[in-house]
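Close look at the chain arrangement
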Amino acid sequence: MNSCELRIYAAMQRGLFLYMPTEHELQRVSVADVRNVTGYQDFVDEAALDLIYVADHRSMSLVPAARRETYAYTAAGAVAQNVYLYCASEGLSTVLRAWFDHPALAVALGLGHDEQLLLTQTVGLPKQPAVA
Ligand SMILES: Cc1cc2nc3c(=O)[nH]c(=O)nc-3n(C[C@H](O)[C@H](O)[C@H](O)COP(=O)(O)O)c2cc1C
C-alpha cells in the first residue's frame, strides 16, 4: 500500500531534524538538543546521533486499523536493521531502544495525537578500551 508511515527524526547536539526521504535531506525541526530525552541510559546524552522512529497514523488509512501498529513497528525494525548494517560497515556502534519516556519525548518532538513513538536508536563511536 506504500503508506510510507515512518517518520525518522535525528537528534544531535546541534538540534532536532526530520529526515525528508524524497529530498534525502534533514529538515531542522528545532535547535534544542533533545538527545537526553531519547532514553534513560547515560550514553544517549552524548552520542553523536539518536534516531527516533515515529509512525504517522494519518498515512495508514488504507491499512486495517488492527494492523497499523504492527506494520509500523515492522518498518521501523527493517530500517533499524539497515542502520545496524551501515554501522557495522563503518565501525560505528549502535543500539536499538524501546526504553524511554514516551510522553516526554512526544512533547520534545511536538507530536500530535496521530503520531506514535515507536523506537529510538543511538549511533556513536565505539567506546575505547582502557589502556592497560
Ligand atoms: C525492540 C527492541 C528494544 C530494545 N530496547 C532496548 C533499550 O531500551 N535499551 C537497551 O539497552 N537495549 C535495548 N534493546 C537491546 C539492544 O538493542 C541490543 O540488542 C542489546 O543491547 C545487545 O546489543 P549488542 O549485541 O550490540 O551488545 C532492545 C532491542 C530491541 C530489539
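Preceding block: the structure.
A few points on the structure. Everything numeric in this text was worked out from a predicted model, so none of it was measured.

Rules of the game
Residues numbered from 1 in each chain as written. Predicted model: local features only at pLDDT ≥ 70, side-chain atom pairs only at ≥ 80, totals over all residues. Heavy atoms only, no water. Helix = DSSP H or I, 4+ residues; strand = E, 2+ residues; numbered from the N terminus. Buried < 20%, exposed > 50% of the residue type's maximum accessible area, 1.4 Å probe, protein only. Contact = heavy atoms within 4.5 Å. Near = heavy atom within 4 Å. Polar contact = N/O pair within 3.5 Å; in protein donor to acceptor, adjacent residues only side chain to side chain. Areas by Shrake-Rupley, 256 points an atom, 1.4 Å probe, with all protein chains shown as cover. Pairing = 2+ DSSP bridges. Axes fitted to C-alpha atoms, helices over the stretch in contact; angles between N-to-C directions. Core = buried A, V, L, I, M, F, W, Y, C linked by side-chain atoms within 4.5 Å.

1. Concerning the overall build of the protein chain
The secondary structure content of the protein chain amounts to three helices and six strands. Reading the protein chain from its N end, one meets helices and strands in the order β-β-β-α-β-α-β-α-β. Judged by the C-alpha coordinates and their principal axes, the protein chain covers about 60 × 30 × 30 Å. Of all 132 residues assigned to the protein chain, the portion counted as buried reaches 37%. Sequence-distant contacts in the protein chain: of pairs separated by 6 or more residues, those separated by 24 or more amount to 65%.

2. Side note on the site of the ligand
In the vicinity of the ligand, the contacting residues are Q41, Y84, V95, L96, R97, A98, W99 and L119. With respect to the ligand, the side chain of Q41 contributes an N or O atom lying 2.7 Å from an oxygen atom. Note that an oxygen atom of the ligand is positioned 2.7 Å from one of the backbone N or O atoms of L96. If the ligand stood free it would expose 630 Å²; the protein chains cover 40% of that surface.

3. Observations concerning the pairing of strand β2 (residues 15-20)
With four bridges connecting them, strand β1 (residues 6-12) and β2 associate as antiparallel partners. Note that in β2 the partner of Y9 across the bridge is L18. Connecting β1 to the antiparallel partner β2 that follows it, the hairpin turn spans two residues. Both β2 and strand β3 (residues 25-30) contribute to a ladder of five bridges, which runs antiparallel.

4. Quick look at the pairing of strand β6 (residues 115-124)
Burial analysis of β6 places 10 of its 10 residues in the buried class, which makes it a mostly covered element. With eight bridges connecting them, strand β4 (residues 49-56) and β6 associate as antiparallel partners. Paired with D56 across the strands is E115, a residue of β6. Of the strand pairs in this sheet, strand β5 (residues 93-97) and β6 are connected by five bridges, and their pairing is antiparallel. If you follow T94 over to β6, its bridge partner there is V123.

5. Brief notes about helix α3 (residues 102-109)
Structurally, the start of α3 carries an N-cap: the backbone nitrogen of A104 is 3.1 Å from a side-chain oxygen of D101. G110 occupies a position one or two residues after α3 and carries a positive phi of about 70°.

6. Focus on the sheet that holds β5
Pairing is antiparallel in the open sheet, where six strands are placed in the order β3-β2-β1-β4-β6-β5. With one partner strand each, in any of the chains shown, β3 and β5 form the two edges of the open sheet. Taken pair by pair, the neighbouring strands of this sheet meet at an average axis angle of 25°, ignoring direction. Of the strands in this sheet, β1, β4, β5 and β6 are in contact with helix α2 (residues 65-90), which crosses β6 at around 10°. Running over the sheet, α3 touches β1, β2, β4 and β6 and is turned about 90° from β6.

7. Quick word on the nonpolar core
One finds L51, Y53 and L118 to be the most contacted residues of the largest nonpolar core, which totals 19 residues. Ranked by residues supplied to this core, first place goes to α2 with five residues. Judged by nonpolar contacts, the second largest core, of 12 residues, contains I52, F100, L109 and L111.

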